[in-house]
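Take a look at the letters that make up each chain.
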Amino acid sequence: MNDSLIQYTLHLADNSLILGQRNGEWCGHGPVLEQDIAITNISLDLIGQARNFYQYAARLINENATKVSPTGGDLERATEDTLAYLRKEREFKNLLLVEQPNGDWGQSILRQFFFSQFQYLLFEQLQNSKDEQIAAIAEKSLKEITYHLRWSSEWVIRLGDGTEESHKRMVKAVDELWRYTGEMFEGASYELRAASDGVGANLSTLEASWVDKVKDIFNEASLPIPEKVFMQTGGKEGRHTEHLGYILTELQYMQRAYPNSEW
Amino acid sequence: MTIRTIDKKTIYAYLGEINDPEVPVLSIIDLGIVRDVKMNGDELEVIITPTYTGCPAMDLITTTIKIQLATLGFKKVKVTQVLSPAWTTDWMSEEGKRKLREYGIAPPNPKQQVCDQQLFAAAEAVQCPHCNSYHTHRISEFGSTACKALYQCDDCKEPFDYFKCH
């Protein structure tokens, strides 16, 4: 057992939780009812993925924990809830991309497309992970990600190749979000370790396929691929944009204000 | 009935009385989410698999299984969730499909048609559960729950849910 597996599992969980929370902000605000339902359905899938990863991470943490707490009291056991609700901003390892604000519909769609395309390729590899539980979660999630990817790809094309206004907004969304895409392929130390253990994915092979797929969709959407943009990184190591703190304030409020409260 | 005389078939029959909380005409056996039952004296392990990753019904189903089997005398019931192999609508029983149709939800088509990456594909031909017409169209591929898509019949004009292929 090594710490990098825990870190890696938390990273995968945090990505899904934070994007699930962001998409959930659209609930009741979608441009039309059917698409409101679509994006919140995607939220539910993502939060389900997060639960699976957090449950697994909690198991690993508890198995790994020392038997006696340093203060002699009862050891706090990790659960999916403590991991989602009680960790601090710096402890979250999600990509900067998923914490970016929703912006307009186009920006939320583009964020979903970038992430789903990445997740699709990532989980394709993780299905064959040496870690059985990671492999099982990836296999299960992949069917749903196929829906997310198809839905968001269609919307990128529809908006990019739509009206003058929708095209203009998509170009702006690309301009806003492209700088956060490089981070997906820059391995954090725990990712490199997980990859060399045969547990994690090989990020360098993912990058080429991701760029190819995005080029295909952008081509159809008549959107230009930006060139030589400085890439923002740090989320995987806990260095976030200012937006994550606000998300956690809302997401964790109930457990912070009323510890251990239950439905 | 004592625990000694209870066989697997009886347990499956009891589990067949537990309905899915979101689609209450389907039992968890009809849905195909019970993968195995392991007996060891008065200890029992029920292995289930979720339909969708985020399905909120799973926690309730787990509790209901424990309560239901406690009435049979099993004091230690463990419900284990497994994710692999991933659940598919192919595991839904024919009986389950019939019950769905009667309830007004179109059952999943026998052949998986749209679980791929192809963009802007034509919507699946789905039969209206009310008037049996195939003259229907898809309104949204995401519906009231994760497992359903929304359709409308062009003949009887009724909207209906389609339990989409997965």
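Residues numbered from 1 in each chain as written. Chains lettered and ligands numbered in written order. Predicted model: local features only at pLDDT ≥ 70, side-chain atom pairs only at ≥ 80, totals over all residues.

Trainee: Whenever I open this one, the packing of helix 2 (residues 33-64) of chain A against helix 6 (residues 132-160) of chain A confuses me. Can you help?
Mentor: A pair of packed helices is captured by two measures, namely the crossing angle of their axes and the spacing between those axes. All names here are of chain A. The interhelical angle for the contact between helix 2 and helix 6, taken along N-to-C directions, is 170°, at an axis separation of 11 Å. Taken together, the axis directions place helix 2 and helix 6 in an arrangement best described as roughly antiparallel. Across the interface between the two elements, Ala38, Ile42, Asp45, Gln49, Asn52, Phe53 and Tyr56 of helix 2 pack against Gln133, Ile137, Ser141, Glu144, His148 and Trp151 of helix 6. Here the contact of helix 2 with helix 6 is composed, by residue class, of six nonpolar, five polar and two charged. (Axes fitted to C-alpha atoms, helices over the stretch in contact; angles between N-to-C directions. Helix = DSSP H or I, 4+ residues; strand = E, 2+ residues; numbered from the N terminus. Parallel < 35°, antiparallel > 145°, perpendicular 65-115°, else oblique. Contact = placed C-beta atoms within 7 Å. Nonpolar A, V, L, I, M, F, W, Y, C, P; charged D, E, K, R; others polar.)

Trainee: Looking at this structure, I do not really get the interface of chain A and chain B. What am I missing?
Mentor: The figure often quoted for interface size is the accessible area lost as the parts come together. On the chain B side, the residues contacting the 22 residues of chain A number 19 residues. Within the residue set of the side of chain A that touches chain B, elements represented by two or more residues are helix 2 and helix 6 of chain A. The greatest single-element share of the side of chain A that touches chain B, amounting to 12 residues, is contributed by helix 6 of chain A. Here the side of chain A that touches chain B is built from residues that sort into seven nonpolar, seven polar and eight charged.

Trainee: Looking at this structure, I do not really get the domain arrangement of chain B. What am I missing?
Mentor: All names here are of chain B. Looking at chain B, the domain boundaries give domain 1 (3-81) and domain 2 (96-163). Distance between the C-alpha centres of domain 1 and domain 2: 28 Å. Each partner contributes residues to the interface: domain 1 has 10 residues there, and domain 2 has eight residues. Tallied by class, residues from the side of domain 1 that touches domain 2 come to six nonpolar, two polar and two charged. (Domains from an automatic or database assignment.)

Trainee: What exactly am I supposed to notice about the sheet that holds strand 1 (residues 34-40) of chain B here?
Mentor: The strands making up a sheet associate through hydrogen bonds between their backbones, and the pairing can be parallel or antiparallel. Residue and element names in this part refer to chain B. The mixed open sheet is built from three strands, whose spatial order is 1-2-3. Bordering the open sheet on either side are strand 1 and strand 3 (76-81), each of which pairs with just one other strand. Taken pair by pair, the neighbouring strands of this sheet meet at an average axis angle of 15°, ignoring direction. Here strand 2 (residues 43-48) pairs with strand 3 via six bridges, running parallel. Pairing of Leu44 across the sheet is with Val77, part of strand 3. Its contacts with the sheet place helix 3 (residues 57-70) against strand 2 and strand 3, and it is angled at close to 155° to strand 3. (Pairing = 2+ DSSP bridges.)

Trainee: I'm lost on the confidence of the model for chain B in this one. Help?
Mentor: Residues shown with low pLDDT carry predicted positions that ought not to be read at fine detail. Per-chain confidence: chain B averages 88 in pLDDT, with 95% of residues scoring 70 or above. Scored by ipTM, the complex comes to 0.87, with pTM at 0.92. (pLDDT = per-residue confidence, 0-100.)

Trainee: Mind showing me how you'd approach the sheet that holds strand 7 (residues 159-163) of chain B here?
Mentor: All names here are of chain B. Pairing in this open sheet of four strands is mixed, and the strands run 4-7-6-5 from one edge to the other. Strand pairing shows two members of the sheet lacking a second neighbour, strand 4 (105-106) and strand 5 (136-140), which therefore form its edges. Two strands pair when backbone bridges link them, and strand 6 (residues 148-153) and strand 7 are joined in this way by five bridges, in the antiparallel orientation. Following the sheet pairing, Tyr151 is matched in strand 7 by Phe160.

Trainee: For this particular structure, what's the right way to read unusual backbone geometry?
Mentor: For residues that are not glycine, phi is negative in most cases, and the peptide bond is trans in most cases. Cis geometry is adopted by the peptide bond preceding Pro85(B), which originates at Ser84(B) and carries an omega value of -5°. By the secondary structure assignment, Pro85(B) is in the loop between strand 3 and helix 4 (94-103). Look at Ser222(A): it is not a glycine, yet its phi comes out positive at around 45°. Mapped onto the secondary structure, Ser222(A) falls in the loop between helix 9 (203-220) and helix 10 (243-251). With 13 C-beta atoms counted inside 10 Å, the residue Ser222(A) sits in the partly exposed group. Positive phi is not limited to glycine here, since Phe120(B) has a value of about 50°. Its location among the elements puts Phe120(B) in the loop between strand 4 and strand 5. Phe120(B) gets classed as exposed once you count the C-beta atoms within 10 Å, which come to 10. (Buried ≥ 20, exposed ≤ 12 C-beta atoms within 10 Å, placed from the backbone.)

Trainee: I keep staring at the packing of helix 1 (residues 3-24) of chain A against helix 2 of chain A and nothing clicks. Help me out?
Mentor: Residues and elements named next belong to chain A. For the pair helix 1 and helix 2, interaxial distance at closest approach is 7 Å and the crossing angle is 155°. For the element pair helix 1 / helix 2, the angle class is roughly antiparallel. Taken as a pair, helix 1 and helix 2 cross one another with a handedness that is left-handed. (Left-handed = near helix turned anticlockwise from the far one by under 90°.)

Trainee: Whenever I open this one, the environment of Pro21(B) confuses me. Can you help?
Mentor: Residue and element names in this part refer to chain B. Along the chain, the position of Pro21 falls in the loop between helix 1 (8-15) and helix 2 (28-31). Expressed as a C-alpha distance, the spacing of Pro21 and Leu150, which sit 129 residues apart in the sequence, is 20 Å. Ignoring any residue separated from it by four or fewer positions in sequence, one finds Pro21 in contact with Ala57 and Leu60.

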